[in-house]
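This is what each chain is made of:
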Amino acid sequence: MTPKLNKIKHVETMAEHVVTPKVMTLLTTLIENRNCPLSVDELAQLVWPDRIVSDNSVYQAVAMLRKVLNEESSIDHIERISSQGYRLSTEIGVLTQDSNVVSKKKKTRSYLYLAAILTLLLVLLTIYVTGQKHPNESQSDPHFEAVSLAEHLTKSKQPERITKAKQIYTEVLEVNPEHTVAMSGLCNTYMALSIYGSFPESLVDASCRPLLSKALALDGKNPDVLTSLARLETLSRRYDQAKVYFDRALSLSNHSPMLWHWYGRFHREKNNLDEALDAHLKAFRLAPNNPTVLRGLAYTYLNRRDLKNARKYFERSVEIAPHIKHIALYQLDFYLLNMQRAKEYKLWYAKHMTEYSRVYPLHKLSHILFLLSTGNLEEAIQKSEEIQITRQTVTSFNLYVRAGLKWYQQDKLGAIELLKQRYLLAPDDNHYAMPYIMGLYQTRQYSVARQLFEKHFKSVSTLNRSVNEHIGVYLLYALILKKMDERSKAQEIRALIAAFLNGPTKLDIRYQPFWYSLNEEPEKLTRSLFELLDSGWLPDANDNIFAVEMYSDLTNEAQIRDMWLQKLKTTQATVN
């Protein structure tokens, strides 16, 4: 932009626009407050400091500016942050062609000029001190236009544009092999293409590490280079070295959303969930519409068992970037399995699993659970033998998958023993306790199941927890009590749920069979069991390895149970 001439030029297309002075002032105001959304009232005061204007004037100016900025781009350059106001998108870069941008208030002009002089002196001093060492960082960089365009293209999330950015960075490095910004940028294109394009994840480390090592040797204080190295070390599970790079990067800059995103990922990998959430929230505030940042925040909430917020931010990421190649895989983490998701995952598996599992070998265990969910027990056993699941390091997930295999092979006591081992890894964690409690219930160890339930879910057992988000837990507790002939307390829970259902909320189809069983309404129970299958439901072993038995055991009629199991088997066969 050239504020003194009220001109805006698009770097990529060279399209030039002349805007009104107030629209230009609006743009400079948004740039000056880049990371802080401004309300309509604040914009009115800053853009029209000597006048009282209506909200409509602000809306019109924003619409005019948005029309100019969005004309040649797929990115909405002006973001509307709910309940906070407007801000310039963090996805774009701005180059100012003149420095005398009109001040918002005449009283501050002298201070701005003084600040500009001091800034200029500081810049000159920096150039003088570092010019010998980092010639490509000076304002005389002959590759500035090419590199700035490549950076913009990389942020587009479109494979063909990212590929163009990769080509630009490569051409710059052919001319200047020591251009650290181009090295870091080229690495970013590899990472972006592994997410949005066809570049294999397993080649990212080998492609990036030589570039980043050289860039670090040339410029040991480049936050982008340090962030990229920390990212590689995190993905390679070399956490000590990753921490060194993160500490150095954060000491130099704390305004990079991707730095905070990967720092959050680092803490999530180490199960430091409070630190992970703090870092991911900082990344989100800096880049609220970056799909990678949003997925990181969603997974952190998921790890904290906050499913409501996890789905909220995951859905936001999908709305912004619906073309991410691993979306069918991610859906299985945030939603229960059904026919549609199973079919989409099967297509993803055939296309991407080989490469994906090289970087994320743990997903081979997740795939075993998917095979159990879709009735492929023999293939699940075969896969477990291929990866030697029993010889792997004992982790909570490894124990859970092994328990699932034993349960589906009808080794019920063996499954419960493995879940007990898993529970004892973290006996204070409710998440570890629940599968063990359900296993005890399914093997008719009701007294032990109740004891553990009341220890880990005290607020539910004392009826002091909201029914709204914990109805499944309440139903399980009521069924345990009913099996122990504790009908009085079971009836209290029934009354609590009934009162909740008297409102506008409709009971989820997954819970209806348990509700009708609790109410001893066999006809409604039978109908709800078959309606569940008609809805496309599949037993999600990743969520509950006992789902098939928990539903089928609700009815006392063997003929109905056999019909239901046969229909389930037919449904599973359509996926395969």
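Residues numbered from 1 in each chain as written. Predicted model: local features only at pLDDT ≥ 70, side-chain atom pairs only at ≥ 80, totals over all residues. Heavy atoms only, no water.

**Considering the packing of aromatic side chains**
Both the distance between ring centres and the angle between the ring planes are used here to describe each pair of aromatic rings. To be explicit about the condition: Only Phe, Tyr and Trp rings take part, Trp by its six-membered ring, and two of them pair if their centres are within 6.5 Å. Stacked means planes under 30 degrees apart, edge-to-face means over 60, and tilted covers everything else. Helix and strand definitions follow DSSP, with helices as H or I runs of at least four residues and strands as E runs of at least two, each counted in order from the N terminus. Residue exposure (1.4 Å probe, protein chains only): buried if accessible area is under 20% of the type maximum, exposed if over 50%, otherwise partly exposed.
The full count for this structure, using the stated rule, is 26 aromatic pairs. A ring pair is formed by Trp260 and Tyr263, whose centres lie 6.1 Å apart and whose planes are at 65°; its orientation type is edge-to-face. You can see Trp260 and its partner Tyr263 sitting in helix H11 (residues 257-269), 3 residues apart, about one turn around the helix. Residue classification places Trp260 among the buried residues on the basis of a relative accessible area of 10%. Among the aromatic residues, ring-to-ring pairing joins Tyr345, Trp348, Tyr349, Tyr356, Tyr360 and Phe370 into one connected group.

**Section: the environment of Arg510**
Rules: Whether two residues are in contact is decided by their heavy atoms, any of which lying within 4.5 Å being enough.
Following the sequence through the fold, Arg510 ends up in the loop between helix H25 (487-501) and helix H26 (512-518). For Arg510, a relative accessible area of 24% corresponds to the partly exposed category. Linking Arg510 and Glu531, residues 21 residues apart in sequence, is a C-alpha distance of 9.6 Å. Every residue in contact with Arg510, bar those within four places of it in the chain, is listed here: Leu336, Leu532, Trp537 and Tyr551.

**Structural notes on the packing of helix H27 (residues 522-534) against helix H29 (residues 558-575)**
Keep this limit in mind: Here, axes are lines fitted to C-alpha atoms. For helices the fit covers the stretch in contact, and angles between N-to-C directions go from 0 to 180 degrees. Here roughly perpendicular refers to angles of 65 to 115 degrees, roughly parallel to angles under 35, roughly antiparallel to angles over 145, and oblique to all remaining angles. For this classification, the nonpolar set comprises Ala, Val, Leu, Ile, Met, Phe, Trp, Tyr, Cys and Pro, the charged set comprises Asp, Glu, Lys and Arg, and every other residue, Gly included, is treated as polar.
For the pair H27 and H29, the least separation of the axes is 10 Å and the interaxial angle reads 5°. By the criterion of interaxial angle, the relationship of H27 to H29 is roughly parallel. Residue-level inspection shows Thr526, Leu529, Phe530, Leu533 and Asp534 of H27 in contact with H29, the latter providing Ile560, Met563, Trp564, Lys567 and Leu568. Of the residues that constitute the contact of H27 with H29, the class distribution is 7 nonpolar, 1 polar and 2 charged.

**Concerning the pattern of salt bridges**
Note the cut-off: When a carboxyl oxygen of Asp or Glu lies within 4 Å of a side-chain nitrogen of Lys or Arg, that pair is called a salt bridge.
Summed over all chains, the structure comprises 22 salt bridges. With its nearest N and O atoms 2.9 Å apart, the salt bridge here joins Arg209 to Asp205. Taken together, the residues Arg209 and Asp205, both in helix H8 (residues 204-218) and 4 residues apart, mark about one turn of the helix. We note a salt bridge from Glu386 to Lys383, for which the minimum N-O separation is 4.0 Å. Highlighted residues: Glu386 and Lys383, both in helix H18 (residues 377-386), separated by 3 residues, approximately one helical turn.

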